[in-house]
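The chain contents come next:
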Amino acid sequence: MSLKKSKLITICLLIVFITQSEAKNIGPLIWNLEHIENLRVDPNLSTVRKQIISNASRYAKMKPVSVMDKKKAFNPDKHYYQSLAIYFWPNSSNKNGRYKQRDGIYNPEYKDYDYVNLCSLLYRLEFLSVAYYISGDDEYYDAFVKQLDTWFIDKDTYMLPNFEYSQVTPGSNNNQGRSEGLIDGYCFNGVLDAIRVVSFRKRLPSYTRRGLKKWFLSFEDWLTTSSKGLRAYKFVGNHAVNYDLLRYNIAMFVGNKKICRQIFEEFANLRLLDEIDSIGRQPRELNRTRSYFYQIYNLTHIIDICFVMNGNGQYLYKENAELINKVGYYLLSYKGKQEKYPYKELGPWDELFKLLIIQLNRINRLAGQQLFNIGDQGFTSGSNLELYLNS
């Protein structure tokens, strides 16, 4: 065989491989695709379906949200994502204007910065993606693509692919962001699943696909090599789990097998065995003013990464089921007995138990059996779509 002919065959094989790789879509990794399909076909969910379509129609007519919409900024370049450390408040006793922490209590000033815009991005993409999946109406597809292009790609409105100004504590560190601010990136897990849901039915335009891959490759590099990212890698507690979840999910999206393999190999020792004690408590969350909530919150992230890894053929839950289940059993032991809970929790308990039941049902899905017989929360409103998608 001639060298020229050999090269031609190689090129053809590469084209086939790339085409197959781009065409492959496994659907959402964290969201429950069965629930989304039920919204499409179950007549008992017709009222909810109409509410979702109504909300999506409203979003489709709105101007896309972007980081340019922030009311205040720490850096005059508004392309930087900039958010306020939500538990830090003005401190009149500090002459330098340094804010003071009040753990578990939101400072309403955070609404002037980008975290609300990032949340709005997620909500819009949730409703638009699900509305498109269940209806096939291109109105929602077009609005979905426009929103992605606005936030990630278009030169006038795009977000720079870093969190250099995430969760700033005013008066500290020259008003730079903190490594703890990477927790804001949890929203991107929902963004990625929204992209997967839409792509399950119709490929995104090539311009959008290329732009998204370029953006998330840059963001992954920043998470891995920046000083804030390197410090986050050494974190403990829910921030550490969130960091690994975000990096793994993005690595799945951009096709970085090396990062996926590294996180999978390290996760049990770094984030489970060192974070969960023999009775299922998470000691590093127990000193918080909302210790019960943060144990559920961290469990949520653990379950999330188990589902994401399942989609990559790496079965974290299967290898660590006993330990993860212990967390669920420990938290469930206080349902209806919150007065016996020995740590601080600001509540409200009713809402906490609802969140817990959702996570226990998700563990049941991972296990393939009813380990926790706690029933289903049901879904009667199209407004809180996020809980339904993640249940």
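See the structure printed just above.
Residues numbered from 1 in each chain as written. Predicted model: local features only at pLDDT ≥ 70, side-chain atom pairs only at ≥ 80, totals over all residues. Heavy atoms only, no water.

Overview of the environment of Tyr140
Part 1 of the reasoning: Turning to its location among the elements, Tyr140 is positioned in helix 5 (residues 138-152).
Part 2 of the reasoning: Along the sequence, Tyr140 and Ser57 sit 83 residues apart, while their C-alpha atoms lie 7.3 Å from each other. (Helix = DSSP H or I, 4+ residues; strand = E, 2+ residues; numbered from the N terminus.)

Some details on the side chain of Arg49
Part 1 of the reasoning: Of note, Arg49 is situated in helix 3 (residues 46-61).
Part 2 of the reasoning: Sequence-distant contacts of Arg49, that is, excluding residues within four places in its chain, are made with Asn38, Leu39, Arg40, Val41, Asp42, Pro43 and Ile134. (Contact = heavy atoms within 4.5 Å.)

Considerations on the packing of aromatic side chains
Part 1 of the reasoning: In total, this model carries 33 aromatic pairs according to the counting rule given.
Part 2 of the reasoning: Note on Tyr106 and Tyr110: the rings are 5.7 Å apart at their centroids and 70° apart in plane angle, and the pair reads as edge-to-face.
Part 3 of the reasoning: Look at Tyr110 and you get buried, because its relative accessible area is 16%.
Part 4 of the reasoning: Between Phe152 and Phe188 the ring centres are 6.0 Å apart and the planes differ by 50°, which places this aromatic pair in the tilted class. Residue Phe152 is located in helix 5, and its partner Phe188 is located in helix 6 (residues 187-201); the two are separated by 36 residues in the primary sequence. There is no split in this pair, since Phe152 and Phe188 are both buried.
Part 5 of the reasoning: Put simply, the rings of Tyr81, Phe152, Phe163, Phe188, Trp215, Phe216, Phe219, Trp222 and Phe253 touch in pairs and so form one group of aromatic residues.
Part 6 of the reasoning: Over the aromatic face of Tyr133 sits the side chain of Arg201, whose NZ or CZ is 5.8 Å from the ring centroid.
Part 7 of the reasoning: Across from the ring centre of Tyr141, 4.2 Å away, lies the NZ or CZ of Lys202, which sits over that ring. (Phe/Tyr/Trp six-rings, centres within 6.5 Å; stacked < 30°, edge-to-face > 60°. Buried < 20%, exposed > 50% of the residue type's maximum accessible area, 1.4 Å probe, protein only. Lys NZ or Arg CZ within 6 Å of the ring centre and 35° of its normal.)

Considerations on helix 7 (residues 206-225)
Part 1 of the reasoning: Along its 20 residues, helix 7 runs 28 Å from first to last C-alpha, staying within 8% of the 28 Å computed at 1.5 Å per residue.
Part 2 of the reasoning: Those residues of helix 7 not exposed but buried are Thr208, Gly211, Leu212, Trp215, Phe216, Phe219, Glu220, Trp222 and Leu223. Within helix 7, the buried residues cover an arc of 165° as seen down the axis, which keeps them to one side. Exposed and oriented more than 90 degrees from the buried face of helix 7 are Arg210 and Lys214. (Expected span 1.5 Å × (residues − 1). Arc of directions from axis to C-beta.)

What about the environment of Tyr106?
Part 1 of the reasoning: Within the secondary structure layout, Tyr106 lies in the loop between strand 3 (100-101) and helix 4 (115-135).
Part 2 of the reasoning: Given a relative accessible area of 43%, Tyr106 falls into the partly exposed group.
Part 3 of the reasoning: Along the primary structure Tyr106 and Tyr87 are separated by 19 residues, whereas in three dimensions their C-alpha atoms are 5.1 Å apart.
Part 4 of the reasoning: Aside from chain neighbours lying at most four places away, what touches Tyr106 is Ile86, Tyr87 and Trp89.

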